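# Understanding the architecture of this molecule
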Amino acid sequence: MLMVGDIQVFMVASSISLRGSLSNSLFHHFPRNITHRSSCRYFNRNVGRFKSAGFCSTAIWDALDESPVVQNEGNGKGIDFLHLMEERGIRANVQTYLWLFEGCFNSGSLLDAKKLHARIFKSGFDGEDVLGSRLIDIYLAHGKVDNAIKLFDDIPSSNVSLWNKVISGLLAKKLASQVLGLFSLMITENVTPDESTFASLLRACSGGKAPFQVIEQIHAKIIHHGFGSSPLVCNPLIDLYSKNGHVDLAKLVFERLFLRDSVSWVAMISGLSQNGREDEAILLFCQMHKSAVIPTPYVFSSVLSACTKIELFKLGEQLHGFIVKWGLSSETFVCNALVTLYSRWGNLIAAEQIFSKMHRRDRISYNSLISGLAQRGFSDRALQLFEKMQLDCMKPDCVTVASLLSACASVGAGYKGKQLHSYVIKTGMSSDLIIEGSLLDLYVKCFDIETAHEYFLTTETENVVLWNVLLVAYGQLGNLSESYWIFLQMQIEGLMPNQYTYPSILRTCTSLGALDLGEQIHTQIIKSGFQFNVYVCSVLIDMYAKHGELDTARGILQRLREEDVVSWTAMIAGYTQHDLFTEALKLFQEMENQGIRSDNIGFSSAISACAGIQALNQGQQIHAQSYISGYSEDLSIGNALVSLYARCGRAQDAYLAFEKIDAKDNISWNALISGFAQSGHCEEALQVFSQMNQAGVEANLFTFGSAVSATANTANIKQGKQIHAMMIKTGYDSETEASNVLITLYSKCGSIEDAKRVFFEMPEKNVVSWNAMITGYSQHGYGSEAVSLFEEMKQLGLMPNHVTFVGVLSACSHVGLVNEGLSYFRSMSKEHGLVPKPEHYVCVVDLLGRAALLCCAREFIEEMPIEPDAMIWRTLLSACTVHKNIEIGEFAARHLLELEPEDSATYVLLSNMYAVSGKWDYRDRTRQMMKDRGVKKEPGRSWIEVKNSIHAFFVGDRLHPLAEQIYEYIDDLNERAGEIGYVQDRYNLLNDAEQEQKDPTAYIHSEKLAVAFGLLSLTNTMPIRVIKNLRVCNDCHNWIKFVSKISNRAIVVRDAYRFHHFEGGVCSCKDYW
């Protein structure tokens, strides 16, 4: 219930009292510290003191004193008429004075009304309420609220309509506090308020000065008097609740209305739209449309605004059709909303058409279109519209000028921006906070930072926005020290960082890798109470996530009190960036389960996570969701989709997704190149890289990295060197990441000397650099060099990681450093705190197996703390094949067949093991089992590049155009090699009967054919480089050694395990592979 005392206390607290007799005679004598309970008794006891039998003399003399003595003011006909009546003996009555007042009201003569007021007092009609009421009307009509209130004080018994008149008069003069005070007095005098009273009272509260508790009490009084469903009262109440942010209370009032008029719908729709509940506003409009309520311009304005805010531009376009149908397309409010809608949509043609057809334009019309043009980079058209605005005699406001300055800043129009600065100074806008921020932004973007700083020093430095702009400017320049100095200096000046300051400095810390400073600022954020601000938290999550502190980032997300999509998507992106794809997708699903609608960043990160684990179906589902959510043309989602299809090996789909992107950037091209490279479609990747160069798109470091990786995977050293030359030309070769991929390129292409040169010429090396070189040495059989480099790395204080130990253990395995390898393996956990992964266990099994320590290898596997995977058992089986250990080989094969019964390598290794051991029956059974199970063997294949063409060979291949020459040349090589000691290991996988039946040339392995073709086709100065998909056999290895000697050529063979450098009859592996 509304307490009289509460409103009276508010009236006193506002320090604004009624002027005139009401304040002097009533509130002046109001006893101090009066209690709520005694207030009514006080008014009832003393009310007679303030009312006379007629109009009091004070009111009359005040009216006369305020009337200036001006000749010929007023027509005086009313007074003359009274004199004429008196001369004829006719006494004027109440009706006479009412007629005369009506004449004053129509003629607008306040002076005549005041004279009649004095005459009434003299004639004894001062007690007539009807005359007092009409005189109050005249005073209020002329804005003489003080006179009306003084007269109102003197009327003995005022009805509710008279109270409403005075309240309306106070409201018209925007005297909201006096309205509340008068309502308090009205309640005290037991005058029952009606609908008009409450409607006026609520409008008085809409200025924002009334405490919310008072509004709630008024609402309670409304319900008490039975007006809880009255549109006249409830419409302003809905508006008042909405404007104070209590939209749920507004909805409650709206829902209790039995009869809703158009004003009710407007108030509720507008309230929802203004409080960030645009979806509900649009749905309510649909409900209104179904209820056959005729929409007003204000309804359409509110709904269009809601569509603009949540970017439902298509729906806004449909509403435009309704507007034309209802004939409201010329309404200024509606046209302004349409201009804003189309401008934000980017449909500036439609926006300009609507603007040009408007019958009446206001500043909002101009501001909307100027802002739209500015945001889309059409600064010239925006400035032309600014000139037209001035020609239309409209003075632009700060919003307009700020939009123009933003337009100039976005396109680098510094000269025009300076002209606007001059205009700002002339019109006195230079001290406006928005203008200052826009000007500083202009100088930051169009001039050097020193000029911007000079302007900053001329401004009112109490404007925290300016400090934030300068913070961002220095951050974008990568000047962390100056940015941090600004951050400290603003606090020394007495300005506290706000929710925009902290993100500005944190982003600089993120981009420059200054996590330590970011953590210090995080501490200050907690102390200053911004630790739950969603904007600040989203940037904190982004910072920690990008620096790999994912647990810290997740903790901030979990402590958030609000559901913020930006924070969630920052966390999802963090997981994706650190290859934790499963965690990213789980979090994305959790976000959806909580009803948080993803934005474009969330969708693109989730699709990228699907690409990372080749989850094609899930990626397509997420893409469908993004399409439904209105992101069908989003660039980041399009790029992620290209990456998804490319990494999943779906070349046609990847190309199709790529072509659908209208504004392709280098990220689009990179997604296609890197996706193909990672999925093994390296030739496709290199073709796209070539197309990118032809299209004139500038390649960046990521582009070069992906292209070099593709050439490395195809061992295309010639194209790799061409890309290396492009990197040198563009300056990317000095980047550490670029050198790292180049080391890998040359290592994989067999040019270890080039890899060494790149490594030792690097100005700065990171762990990846050392790992690449150690791995390169390992692959080429330079185990001692790899171990030596590892020791040097440790001496420099660099911490080895899991990749480092894979390289070192492989190096030890390839050269037989068994004790050293085992020692390094044990040091992983003891010295470096690294938990060995399955690949490290594989290296140890390989180390022991190559050294023929098969029992030790088996024992090592059985004692492993993790479950052995297929690779471990396959490594053991391969060693058993080499060393002809059937018992352990069968033991390994049983486990391997349980894990991967469809893998052909298991059957081939087992069959070969039986063959080299002379167990032909077991060999045949293994082959039959393989056939029965439908498992097909991967054929051995070798490649060699000659004159920019890749030539492939299979075992016994006769499809090559030079097949006859190749086989003749092999016979010649065999003969010459035999002369210096080569003995062919004839078909050790075939029994005697099979050897008798088969053509010997049918068993010539592919690497022999490739080497022979290379010797025939390449000049003597060029090394022979051959790639084979399987492990090179003993006979071929021995044969190539002799061929390198008799031909005096360097031959490099890269098999499935390592590189073999043959020269002068010797292999780099020293026959240990």
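Cut-offs and rules
Residues numbered from 1 in each chain as written. Predicted model: local features only at pLDDT ≥ 70, side-chain atom pairs only at ≥ 80, totals over all residues. Heavy atoms only, no water. Helix = DSSP H or I, 4+ residues; strand = E, 2+ residues; numbered from the N terminus. Buried < 20%, exposed > 50% of the residue type's maximum accessible area, 1.4 Å probe, protein only. Contact = heavy atoms within 4.5 Å. Areas by Shrake-Rupley, 256 points an atom, 1.4 Å probe, with all protein chains shown as cover. Pairing = 2+ DSSP bridges. Right-handed = clockwise from strand over helix to strand, strands pointing away. Axes fitted to C-alpha atoms, helices over the stretch in contact; angles between N-to-C directions. Parallel < 35°, antiparallel > 145°, perpendicular 65-115°, else oblique. Left-handed = near helix turned anticlockwise from the far one by under 90°. Nonpolar A, V, L, I, M, F, W, Y, C, P; charged D, E, K, R; others polar. Core = buried A, V, L, I, M, F, W, Y, C linked by side-chain atoms within 4.5 Å. pLDDT = per-residue confidence, 0-100. Patch = residues over 30% accessible without salt bridge, like charges linked within 9 Å, V, L, I, M, F, W, Y side chains within 5 Å. Salt bridge = Lys/Arg side-chain N within 4 Å of Asp/Glu carboxyl O. Lys, Arg positive; Asp, Glu negative; His and termini not counted. Charge placed at Lys NZ, Arg CZ, Asp CG, Glu CD. Disulfide = S-S within 2.5 Å. Expected span 1.5 Å × (residues − 1). Arc of directions from axis to C-beta.

Here we come to the overall build of the protein chain. Across its full length, the protein chain carries 59 helices and six strands. Within the protein chain, the proportion of its 1073 residues that are buried is 51%. Sequence separation of at least 24 residues holds for 64% of the intrachain contacts in the protein chain that already meet a minimum separation of 6. Accessible area for the protein chain stands at about 50900 Å²; split by element, carbon and sulfur atoms hold 51% of it.

Another aspect to go through is the environment of Cys843. With respect to the element layout, Cys843 can be found in helix 50 (residues 838–850). Once the C-alpha coordinates of Cys843 and Gly821 are considered, the two residues, 22 residues apart in sequence, prove to be 8.9 Å apart. Contacts of Cys843, omitting those with residues within four sequence positions, involve Val806, Leu809, Ser810 and Ser813.

A few words now on the pairing of strand 3 (residues 1024–1028). With four of its five residues buried, strand 3 lies for the most part within the structure. Bridge analysis of strand 1 (residues 941–946) against strand 3 gives three bridges, and the strand direction is antiparallel. Across the sheet, residue Trp943 finds its bridge partner in strand 3, namely Ile1027. The pairing of strand 3 with strand 4 (residues 1051–1054) spans four bridges and is parallel. Note that in strand 4 the partner of Ile1027 across the bridge is Arg1054. Handedness of the crossover joining strand 3 and strand 4 through helix 59 (residues 1034–1047) is recorded here as right-handed.

Moving on, we get to the packing of helix 48 (residues 802–815) against helix 49 (residues 818–830). Between two packed helices, the angle of one axis relative to the other and the distance separating the axes together describe the packing. Contact geometry of helix 48 with helix 49 gives a least axis separation of 9 Å together with a crossing angle of 165 degrees. Classed by the angle they form, the pair helix 48 and helix 49 counts as roughly antiparallel. In this structure, helix 48 crosses over helix 49, and the sense of that crossing is left-handed. Where helix 48 approaches helix 49, its residues His802, Phe805, Val808, Leu809 and Cys812 are matched on the opposing element by Glu820, Gly821, Tyr824, Phe825, Ser827 and Met828. Residues that form the contact of helix 48 with helix 49 fall into these classes: seven nonpolar, three polar and one charged.

Core analysis: the largest hydrophobic core is formed by 255 residues, its most contacted members being Ile218, Ile269, Ile435, Leu440, Ile521 and Leu876. With nine residues, helix 32 (residues 534–546) is the single largest residue contributor to this core. The contact partners of Ile269, leaving out residues within four places of it in the chain, are Ala281, Leu284, Phe285, Met288, Val299, Ser302 and Val303. Ile970, Ala977, Tyr982 and Leu1018 belong to the second largest nonpolar core, which has 30 residues in total.

For the protein chain, the mean per-residue pLDDT works out to 83, and 84% of the residues sit at or above 70. Across residues 1–74, confidence stays below pLDDT 50; counting only partners more than four residues off in sequence or on other chains, it has 127 contacts.

One open sheet accounts for six strands, arranged 2-1-3-4-5-6; its pairing is mixed. Whereas interior strands pair on both sides, the edge strands pair on one side only; in this sheet they are strand 2 (949–954) and strand 6 (1066–1067). Examined bridge by bridge, strand 5 (residues 1059–1063) and strand 6 share two bridges and lie antiparallel to one another. Counterpart to Phe1062 in the pairing with strand 6 is Cys1067. The sheet contacts of helix 58 (residues 1006–1017) involve strand 1, strand 2, strand 3 and strand 4, and relative to strand 1 the element is tilted by about 10 degrees.

The interhelical angle for the contact between helix 14 (residues 231–243) and helix 16 (residues 262–274), taken along N-to-C directions, is 10 degrees, at an axis separation of 9 Å. Our classification of the angle between helix 14 and helix 16 gives roughly parallel. Along its contact with helix 14, which presents Pro231, Asn235, Ile238, Asp239 and Ser242, the element helix 16 presents Val263, Ser264, Ala267, Met268 and Gly271.

Our next topic: the pairing of strand 4. Burial of the side chains of strand 4 extends over both faces: Ile1051 and Val1053 are buried on one face and Val1052 and Arg1054 on the other. Between strand 4 and strand 5, which pair antiparallel and follow one another directly, the connecting turn spans four residues.

Turning next to a negative patch on the surface. Residues Asp516, Glu519, Glu549 and Asp551 make up a contiguous surface patch of negative charge. Inspection of the secondary structure assignment puts Asp516 in helix 31 (residues 515–527).

Let us look at the state of the cysteines. Scanning the entire structure with this criterion turns up zero disulfides. Free of any disulfide, Cys1036 has its nearest neighbouring cysteine sulfur in Cys1033, separated by 3.4 Å.

With that settled, consider the side chain of Ser878. Mapped onto the fold, Ser878 is located in helix 52 (residues 870–883). Those residues in contact with Ser878, other than ones at most four positions away along the chain, are Leu909 and Tyr1057.

For helix 17 (residues 278–290), which comprises 13 residues, the first-to-last C-alpha distance of 19 Å matches the rise-based estimate of 18 Å (1.5 Å per residue) to within 8%. Among all positions of helix 17, only Glu278, Ala281, Ile282, Leu284, Phe285 and Met288 are buried. Buried residues of helix 17, seen end-on, are gathered within an arc of 160 degrees and therefore sit on one face of the element. The exposed residues of helix 17 that point more than 90 degrees off its buried face are Leu283 and Lys290. In this fold, the buried residues of helix 17 make contact with helix 15 (247–255), helix 16, helix 18 (297–309) and helix 19 (313–325). Ala292 lies just past helix 17 and shows a positive phi near 65 degrees.

Here we come to the pattern of salt bridges. Under the criterion given, the structure shown has 24 salt bridges. Residues Arg874 and Asp903 are paired through a salt bridge, measuring 3.0 Å at the closest nitrogen-oxygen approach. Of this pair, Arg874 sits in helix 52 while Asp903 sits in the loop between helix 53 (886–899) and helix 54 (904–916), and the two are 29 residues apart along the sequence. On the basis of relative accessibility, which here comes to 16%, the residue Arg874 falls in the buried class. Between Lys1028 and Glu1007 there is a salt bridge, with the nearest N and O atoms lying 2.7 Å from each other. With a gap of 21 residues between them, Lys1028 in strand 3 and Glu1007 in helix 58 connect regions that are remote in the sequence. For the residue pair Lys1028 and Glu1007, the accessibility class agrees, reading buried in each case.

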